[in-house]
Amino acid sequence: KAGVTQTPRYLIKTRGQQVTLSCSPISGHRSVSWYQQTPGQGLQFLFEYFSETQRNKGNFPGRFSGRQFSNSRSEMNVSTLELGDSALYLCASSFLPRGYEQFFGPGTRLTVL
Amino acid sequence: QKEVEQDPGPLSVPEGAIVSLNCTYSNSAFQYFMWYRQYSRKGPELLMYTYSSGNKEDGRFTAQVDKSSKYISLFIRDSQPSDSATYLCAGAKYNNNDMRFGAGTRLTVKP
């Protein structure tokens, strides 16, 4: 069974640009969550989608948004990038929205210059 | 103050040692407690999770939760160099993907 896949794996952008990251969950999983990982703040919850609906949202500004498609694939978008948005963005999937059953992807490393 | 506190280490032990990793948490609503292992340049990998208080064992790994003291522990027996990684603890409410993570402890097991 294929794991969670994330594309692209690495991305370099400049301040002010926007970026879209993609996540394909494990086959059959309907819940997708996004996390940001930085050396200073660690792993922080961004938002969670289940059956195309956002269920929870973390404490991030409105520049961070996401969506989920009918095939459970998810995208997250960051607009007006700031230097502080440089991070590893991780996607995790589970069959039901249960954090303790999530499997993480390898992440997308975003660098903002 | 973060909801889950974890000493970032680093922690270095000789091969074969027993490793003890610990976290504390402040949110009484947490019902599930997870331990993840993260190798460099990889996503976190779920090692095990426990529900409420108690122990759970899986091979060389044992997870303990004491809800009365809000303390989470992971023990690794007969540690191996391949166990060298960052270990993250996390807490979550039931039916909720909003997991709160500790800072992660970087462990090195020396041959």
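Residues numbered from 1 in each chain as written. Chains lettered and ligands numbered in written order. Predicted model: local features only at pLDDT ≥ 70, side-chain atom pairs only at ≥ 80, totals over all residues. Heavy atoms only, no water.

Undergrad: Sorry if this is basic, but what is going on with the overall build of chain B here?
TA: On a plain count of helices and strands, chain B comes out with zero helices and eleven strands. The N-to-C order of helical and strand elements in chain B reads β-β-β-β-β-β-β-β-β-β-β. In summary, chain B has a C-alpha radius of gyration of 13 Å against a globular reference of 13 Å for 111 residues, a match within 12%. In terms of principal-axis extent, the alpha carbons of chain B reach across some 40 × 25 × 20 Å. Within chain B, buried positions represent 43% of all 111 residues. Of all intrachain contacts in chain B linking residues separated by at least 6 positions in sequence, the fraction that spans at least 24 positions is 55%. Computed over 13 positive and 11 negative side-chain charges, the inter-centroid distance for chain B is 5 Å. (Helix = DSSP H or I, 4+ residues; strand = E, 2+ residues; numbered from the N terminus. Rg over C-alpha atoms; globule rule 2.2 N^0.38 Å. Buried < 20%, exposed > 50% of the residue type's maximum accessible area, 1.4 Å probe, protein only. Contact = heavy atoms within 4.5 Å. Lys, Arg positive; Asp, Glu negative; His and termini not counted. Charge placed at Lys NZ, Arg CZ, Asp CG, Glu CD.)

Undergrad: Mind showing me how you'd approach the nonpolar core here?
TA: One recurring pattern in soluble globular proteins is that nonpolar side chains are buried together. Core analysis: the largest hydrophobic core is formed by 22 residues, its most contacted members being B:W35, B:L74, B:I76 and B:Y87. Within the residue set of this core, elements represented by two or more residues are strand 3 (19–25), strand 4 (32–38), strand 5 (45–51), strand 7 (61–66), strand 8 (71–76), strand 9 (85–92) and strand 11 (105–110) of chain B. The element that contributes the greatest number of residues to this core is strand 3 of chain B, accounting for four residues. In this structure B:I76 touches B:A17, B:I18, B:V19, B:L21, B:R60, B:F61, B:D83, B:Y87 and B:L107, once residues within four positions along its chain are discounted. Within the second largest apolar cluster, 21 residues are counted, among which are A:I26, A:V78, A:L110 and A:V112. (Core = buried A, V, L, I, M, F, W, Y, C linked by side-chain atoms within 4.5 Å.)

Undergrad: Help me out: how do you make sense of unusual backbone geometry in this one?
TA: Negative phi is the rule for most residues except glycine; trans is the rule for most peptide bonds. For the bond from A:T7 to A:P8, the omega torsion is -10 degrees, close enough to zero to count as cis. Among the secondary structure elements, A:P8 is positioned in the loop between strand 1 (5–7) and strand 2 (10–13). Cis peptide bonds are those with omega within 30 degrees of zero, and the linkage from B:G9 to B:P10 qualifies with 10 degrees. With respect to the helices and strands, B:P10 occurs in the loop between strand 1 (4–6) and strand 2 (11–14). Residue A:E52 is not a glycine yet carries a positive backbone phi of 70 degrees. Tracing the backbone through its elements, the reader meets A:E52 in the loop between strand 5 (42–50) and strand 6 (53–57). Its relative accessible area of 46% is what places A:E52 among the partly exposed residues. Although it is not a glycine, A:T80 sits at a positive phi angle of roughly 45 degrees. By the secondary structure assignment, A:T80 is in the loop between strand 8 (74–78) and strand 9 (87–94). The exposure class assigned to A:T80 is partly exposed, which follows from its relative accessible area of 47%.

Undergrad: Is there a simple way to explain the state of the cysteines in this structure?
TA: Residue and element names in this part refer to chain B. Summed over all chains, the structure comprises two disulfides over all chains. A sulfur-sulfur distance of 1.9 Å marks the disulfide that ties C23 to C89. On the S-S bond that ties C23 to C89, the torsion sits near -105 degrees, and the link is left-handed. Taken together, the residues C23 in strand 3 and C89 in strand 9 connect sequence positions 66 residues apart. Residue C23 shares its accessibility class with C89, and that shared class is buried. (Disulfide = S-S within 2.5 Å.)

Undergrad: Please clarify how the interface of chain B and chain A should be interpreted in this entry.
TA: For an interface, size is often stated in terms of accessible area lost upon the parts coming together. Every contact between the two is made by 19 residues of chain B and, on the other side, 23 residues of chain A. Regarding the contact of chain B and chain A, the summed buried area is about 1800 Å², with carbon and sulfur atoms giving 49% of it. Listing elements by their share of the side of chain B that touches chain A, those giving two or more residues are strand 4 and strand 5 of chain B. In terms of residues, the side of chain B that touches chain A owes the most to one element, strand 4 of chain B, which gives four residues. Split into classes, the residues belonging to the side of chain B that touches chain A amount to ten nonpolar, five polar and four charged. (Buried area = accessible area lost by both parts, 1.4 Å probe. Nonpolar A, V, L, I, M, F, W, Y, C, P; charged D, E, K, R; others polar.)

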